[in-house]
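What follows is each chain in one-letter form.
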Amino acid sequence: MSAQKADQGEQKQVQGAVTKAIKGTGDTIEGTLDVARSSTVKALKGVGEVAGIVPKVTADILTGTLRAANDVGSELGNVVKGAVIGIIKGTAEVASVTVGSLADIAKSAIGQASDVGEDLGEVALRTTQGAIAATKDVTLNLTDAAVSVARGTIHGVSEVGGDLGKTARNAIHGTIAGAQEAGGDVMKATSGSARGLIKGTAEVGGDLAKVARSAVEGAIDAAKELGLKAEDAAAAAANGAIEGAGEVGESAVKAVTGAVTTTIKGVKVAVKEPFKKG
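Presented here is an overview of the structure given in this document. (Residues numbered from 1 in each chain as written. Predicted model: local features only at pLDDT ≥ 70, side-chain atom pairs only at ≥ 80, totals over all residues. Heavy atoms only, no water.)

1. Topic: the pattern of salt bridges
How we decide: The term salt bridge refers to a side-chain nitrogen of Lys or Arg lying within 4 Å of a carboxyl oxygen of Asp or Glu. Strands are runs of DSSP state E lasting at least two residues, helices are runs of H or I lasting at least four, and both sets are numbered from the N terminus onward. To sort residues, take the accessible area from a 1.4 Å probe on protein chains only and compare it with the maximum for the residue type: under 20% means buried, over 50% means exposed, and anything in between is partly exposed.
Following the criterion strictly, the structure yields 13 salt bridges and no others. Arg37 is paired through a salt bridge with Glu93; the nearest N and O atoms lie 3.0 Å apart. With a gap of 56 residues between them, Arg37 in helix 2 (residues 28–44) and Glu93 in helix 4 (residues 76–94) connect regions that are remote in the sequence. Exposure remark for Arg37: the relative accessible area of 26% places this residue in the partly exposed category. Among the salt bridges present, the one from Glu217 reaches Arg213, with a minimum N-O distance of 3.3 Å.

Next comes the structure, spelled out in structure tokens:
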């Protein structure tokens, strides 16, 4: 059997299992999570170098779950969120989950969504939400996880020609929702996500100013929706973006600082001086 046929067989198995789970339980997130977790464990057991196979496993599982969502008419966001959490939990049962594997999972989720014609914005939001929410069950620093997931999301969208600004808004929104769900420090996660969005954008040659402003906009929208202080979220996103720009270079800092040092969506953004000590 060819590798392609094997992959298609795995995808169909996941598709069938998720469809059955959703129809049987009526719970899209939990049904998808359980199938994704068990499928990940099955695929990774006995593999010597887990990190190298995680992207392929994620691709197969996400393809199957997205097709299942279409089969049963389930809400896409819940299916994606459940699948991402399940993949992370399944990976954790077999090996250590690293920030690198989180980036791979996020990137792969975007790629598979594009392949089956799904809304990349919604997938970016739910992927980041699920990945960050899952950190409560793995031994990863929340801020580091937020940086990595954001970078992976940007790389995934860039590869399929998506809108990086829209991605930034959705990714940071998902990060805030996921951090709140995980009971972590939401503002640190927000800052980490913005930092990762800028670093990822620089790596793919995107518009840093556009992504920085979009990240602040997304943080403000998420804060208002989730009952958080918009000013705090805007400041965390802006300062995280500037920190990320500082890791890129002086011109990046200038572009990003200029984009976020203003009033955005009616919120005056409080920006610290880059690299200020103390």
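2. Section: the nonpolar core
Formally: Throughout, nonpolar core names a set of buried Ala, Val, Leu, Ile, Met, Phe, Trp, Tyr and Cys residues whose side chains join them through atoms within 4.5 Å. Any two residues having at least one pair of non-hydrogen atoms within 4.5 Å are treated as being in contact.
Ile88, Leu197, Ile198, Val216 and Val256 are the most contacted members of the largest nonpolar core, which has 74 residues in total. Among the elements that take part in this core, helix 10 (residues 208–226) stands out by supplying 9 residues, more than any other. If near-sequence neighbours (up to four positions away) are discounted, Val256 is found in contact with Ile198, Leu208, Ala212, Ala241, Ile242 and Ala245.

3. Section: the packing of helix 5 (residues 99–115) against helix 7 (residues 142–159)
The condition that has to hold: Axes here mean lines fitted to C-alpha atoms, for a helix over just the part in contact, with angles spanning 0 to 180 degrees between N-to-C directions. What sets the label is the angle itself: under 35 degrees gives roughly parallel, over 145 gives roughly antiparallel, 65 to 115 gives roughly perpendicular, and the rest give oblique. Should the near helix be turned anticlockwise from the far one by less than a right angle, the crossing is left-handed, and should it be turned clockwise, the crossing is right-handed.
Put simply, helix 5 and helix 7 touch, their axes get as near as 7 Å, and they point 30 degrees apart. With respect to helix 7, the element helix 5 is oriented roughly parallel. For the crossing formed where helix 5 meets helix 7, the hand is right-handed. Counting all contacts with helix 5, which are made through Val99, Gly100, Leu102, Ala103, Ala106, Lys107 and Ile110, the residues of helix 7 involved are Asp144, Ala145, Ser148, Val149, Gly152, Thr153, His155, Gly156, Val157 and Glu159.

4. Considerations on unusual backbone geometry
Its identity is not glycine, yet Lys265 carries a phi of approximately 55 degrees, on the positive side. The residue Lys265 is located in the loop between strand 1 (263–264) and strand 2 (267–268) in this model. Classification of Lys265 as partly exposed rests on a relative accessible area of 42%.

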